[in-house]
Amino acid sequence: MDKVYESAAAALKGIVADNQMIAVGGFGLCGIPEALIAALRDSGVHGLTCVSNNAGVDDFGLGQLLATRQIKKMIASYVGENKEFARQYMANELELEFTPQGTLAEKLRAGGAGIPAFFTPTGVGTVVADGKETREFNGRTYLMERSLTPDVSLVKAWKADRSGNLVFRRTARNFNPNVAMAGRITVAEVEEIVPTGAFDPDEIHLPGIYVHRIVLNAHPEKRIEQRTIRQ
């Protein structure tokens, strides 16, 4: 089955809508689906709940959707690089569900694996535990965390075959496999598309069963969030 679409806009057509939960892969600006985020912005959908490790920066990544006020809630673990995010949150214009980074990864992985909830000691005794069920195992208190199953997941990979099997490049893999697994519909942005069967099975990082649509972005900007150079 050929899953390749001619553009990011075409790949999102008919699957994104107002008030959806949308998960986006990436860590900082590393491994983010740049073209798909821009296409989501241009689609005009609003009232979104976005699940992502962080919220991009002011003019790039998910920061673009914050600037256009398309996001109503973020589920994230770190948001410190985005001044507009901070402004909206402090003005009570944006909902925020802070989630420890490992817990966020597991909530997505569990969602993709069909596990509705799990127990973790992370966050016990902090505001993260507010309103959550606790249980004791072997003398230690654990929180129950519910998994995440977004309506749409947007991910970035290095290569794909036309059936949706994905290969990621080094640290750009980050949250992308878990995000892809969790989504009811997953769209992958890739730098290279090869014929189905071109990959050795051992090369594949994520099977195509989790990927529904693919779009080529052969020359992404790959902006660096912070760069420090020794004099």
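Residues numbered from 1 in each chain as written. Predicted model: local features only at pLDDT ≥ 70, side-chain atom pairs only at ≥ 80, totals over all residues. Heavy atoms only, no water.

S.K.: I'm lost on the packing of aromatic side chains in this one. Help?
M.R.: What describes a pair of aromatic rings is the distance from one ring centre to the other and the angle between the planes of the rings. According to the stated counting rule, one finds 2 aromatic pairs in the structure shown. Plain terms: the ring middles of Phe119 and Phe137 are 5.2 Å apart, the flat faces sit at 65° to each other, and that makes the pair edge-to-face. Of this pair, Phe119 sits in strand β6 (residues 117-120) while Phe137 sits in strand β7 (residues 134-137), and the two are 18 residues apart along the sequence. On the accessibility criterion, Phe119 (28% relative accessible area) is partly exposed. An angle of 85° between the planes, with centres 5.5 Å apart, marks the rings of Phe137 and Tyr142 as edge-to-face. Pairwise contacts between aromatic rings join Phe119, Phe137 and Tyr142 into one cluster. Of note, Lys159 hangs over the ring of Trp158, and the distance from its end group to the ring centre comes to 4.4 Å. Its end group placed over the ring of Phe60, Arg223 keeps NZ or CZ at 4.1 Å from the ring centre. (Phe/Tyr/Trp six-rings, centres within 6.5 Å; stacked < 30°, edge-to-face > 60°. Helix = DSSP H or I, 4+ residues; strand = E, 2+ residues; numbered from the N terminus. Buried < 20%, exposed > 50% of the residue type's maximum accessible area, 1.4 Å probe, protein only. Lys NZ or Arg CZ within 6 Å of the ring centre and 35° of its normal.)

S.K.: So what exactly am I meant to see when it comes to unusual backbone geometry here?
M.R.: If a residue is not glycine, its phi is most likely negative; likewise, a peptide bond is most likely trans. Of note, Arg170 is a non-glycine position whose phi angle comes to about 50°, a positive value. Of note, Arg170 is situated in the loop between β10 (166-167) and α6 (176-182). A relative accessible area of 68% means that Arg170 is categorised as exposed. Positive phi, normally seen in glycine, also occurs at Asn174, with a value near 25°. Here Asn174 shows up in the loop between β10 and α6. Taking the relative accessible area as the measure of exposure, Asn174 reaches 25% and is therefore partly exposed.

S.K.: Sorry, what's going on with the pairing of strand β3 (residues 48-51) here?
M.R.: On any regular strand, side chains alternate: one points to one face of the sheet, the next to the other face. Alternating positions in β3 separate into two faces, Leu48 and Cys50 on one and Thr49 and Val51 on the other, with burial throughout. With 3 bridges connecting them, strand β2 (residues 21-24) and β3 associate as parallel partners. Along β3, the bridge assignment pairs Ile22 with Cys50. Handedness of the β2-helix α2 (residues 34-43)-β3 crossover: right-handed. Here β3 pairs with strand β4 (residues 71-76) via 4 bridges, running parallel. (Pairing = 2+ DSSP bridges. Right-handed = clockwise from strand over helix to strand, strands pointing away.)

S.K.: Can you walk me through helix α5 (residues 101-113) in this structure?
M.R.: Residue pairs three or four apart in sequence face the same way in an α-helix, which turns once every 3.6 residues. In this model, α5 (13 residues) spans 18 Å end to end at C-alpha, consistent with the 18 Å of a helix rising 1.5 Å per residue. In the segment just after α5, Gly114 is the residue with positive phi, at about 80°. (Expected span 1.5 Å × (residues − 1).)

S.K.: So what exactly am I meant to see when it comes to the side chain of Lys3 here?
M.R.: Structurally, Lys3 can be placed in the segment before β1 (4-5). Notably, Lys3 is buried but unbridged: the nearest opposite-charge side chain belongs to Asp161, and the N-O separation is 7.5 Å. Beyond its immediate chain neighbours, meaning those up to four positions away, Lys3 contacts Arg162, Ser163, Gly164, Gly208, Val211, His212, Arg213 and Ile214. (Lys, Arg positive; Asp, Glu negative; His and termini not counted. Salt bridge = Lys/Arg side-chain N within 4 Å of Asp/Glu carboxyl O. Contact = heavy atoms within 4.5 Å.)

S.K.: For this particular structure, what's the right way to read the side chain of Ser77?
M.R.: Mapping Ser77 onto the fold places it in the loop between β4 and α4 (83-90). Within the structure, the side chain of Ser77 is placed 2.5 Å from the side chain of Asn53, a separation counted as a polar contact. Leave out the neighbours within four places in its chain, and Ser77 touches Ser52, Asn53, Phe98, Thr99, Pro100, Gln101 and Leu104. (Polar contact = N/O pair within 3.5 Å; in protein donor to acceptor, adjacent residues only side chain to side chain.)

S.K.: Please clarify how the nonpolar core should be interpreted in this entry.
M.R.: Soluble globular proteins tend to bury their nonpolar side chains together. Within the largest apolar cluster, 33 residues are counted, with the highest numbers of intra-cluster contacts made by Leu12, Val16, Ile22, Leu40, Met74, Phe85 and Leu154. Mapped onto this core, the elements with two or more residues apiece are α1 (8-12), β2, α2, β3, α3 (63-67), β4 and β9 (152-161). Among the elements that line this core, the one with the most residues is α2, at 4 residues. The contacts of Leu12, once residues within four sequence positions are left out, are Leu36, Ala39, Leu40, Leu154, Val187 and Arg213. With 21 residues, the next largest nonpolar core counts Ala23, Ala105, Leu108 and Phe175 among its residues. (Core = buried A, V, L, I, M, F, W, Y, C linked by side-chain atoms within 4.5 Å.)

S.K.: I keep staring at α2 and nothing clicks. Help me out?
M.R.: Where α2 is concerned, the buried positions are Glu34, Leu36, Ile37, Ala38, Ala39 and Leu40. Gly44 lies just past α2 and shows a positive phi near 80°.

Bear in mind that shape data such as this cannot, by itself, settle questions of function.
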